[in-house]
Amino acid sequence: GIVKYELNIFDRWGEKVYKSNDKNFCWNGFYNNNPDNYRGQNAAVFVYYLEATLISKKEITKEGKVSLVR
């Protein structure tokens, strides 16, 4: 199992548009996951950074790109 989890997503200008410590919660494409706070997250490529620690104390770090399609 996972004991620590952090996912950050950034736009192409380096602004953080999403952060979560809940592995069961997904990014919905809105700024800070708030549809009422929509800040023009149009179809684009975003960068993600994921850090997790497993129950075995193994640390996992992943980074990559995700395409948002509207």
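Look up: the structure comes first, before these words.
## As for the overall build of the protein chain
Inference 1: Helix and strand content of the protein chain: zero helices and four strands.
Inference 2: Considering the protein chain as a whole, with its 70 residues, one finds that 27% of them fall into the buried category.
Inference 3: Long-range pairs, those at least 24 residues apart, make up 41% of the contacts in the protein chain between residues at least 6 apart in sequence.
Inference 4: A total of about 5,100 Å² of accessible surface is found on the protein chain, and carbon and sulfur atoms cover 50% of it.

## Examining the packing of aromatic side chains
Inference 1: Per the counting criterion, the structure on display carries three aromatic pairs.
Inference 2: Aromatic pair F10 and Y49: ring centres 5.7 Å apart, planes at 75°, arrangement edge-to-face. With a gap of 39 residues between them, F10 in strand β1 (residues 2–10) and Y49 in strand β3 (residues 44–54) connect regions that are remote in the sequence.
Inference 3: Ring geometry for Y18 versus W27: centroids 6.4 Å apart, planes at 40°, classification tilted.
Inference 4: Looking at W27, the relative accessible area reads 17%, which means it is buried.

## Here's the deal with the nonpolar core
For soluble globular proteins, nonpolar side chains are generally found buried alongside one another.
Inference 1: Counting nine residues, the largest nonpolar core consists of Y5, L7, I9, V17, Y18, W27, Y31, F46 and L68.
Inference 2: Secondary-structure elements contributing two or more residues to this core are β1 and β2 (16–20).
Inference 3: With three residues, β1 is the single largest residue contributor to this core.

## With respect to unusual backbone geometry
Inference 1: The backbone of K57 sits at a positive phi, close to 75°, despite the residue not being glycine.
Inference 2: On the secondary structure map, K57 appears in the loop between β3 and β4 (59–68).

Criteria and cut-off values
- Residues numbered from 1 in each chain as written.
- Predicted model: local features only at pLDDT ≥ 70, side-chain atom pairs only at ≥ 80, totals over all residues.
- Heavy atoms only, no water.
- Helix = DSSP H or I, 4+ residues; strand = E, 2+ residues; numbered from the N terminus.
- Buried < 20%, exposed > 50% of the residue type's maximum accessible area, 1.4 Å probe, protein only.
- Contact = heavy atoms within 4.5 Å.
- Areas by Shrake-Rupley, 256 points an atom, 1.4 Å probe, with all protein chains shown as cover.
- Phe/Tyr/Trp six-rings, centres within 6.5 Å; stacked < 30°, edge-to-face > 60°.
- Core = buried A, V, L, I, M, F, W, Y, C linked by side-chain atoms within 4.5 Å.

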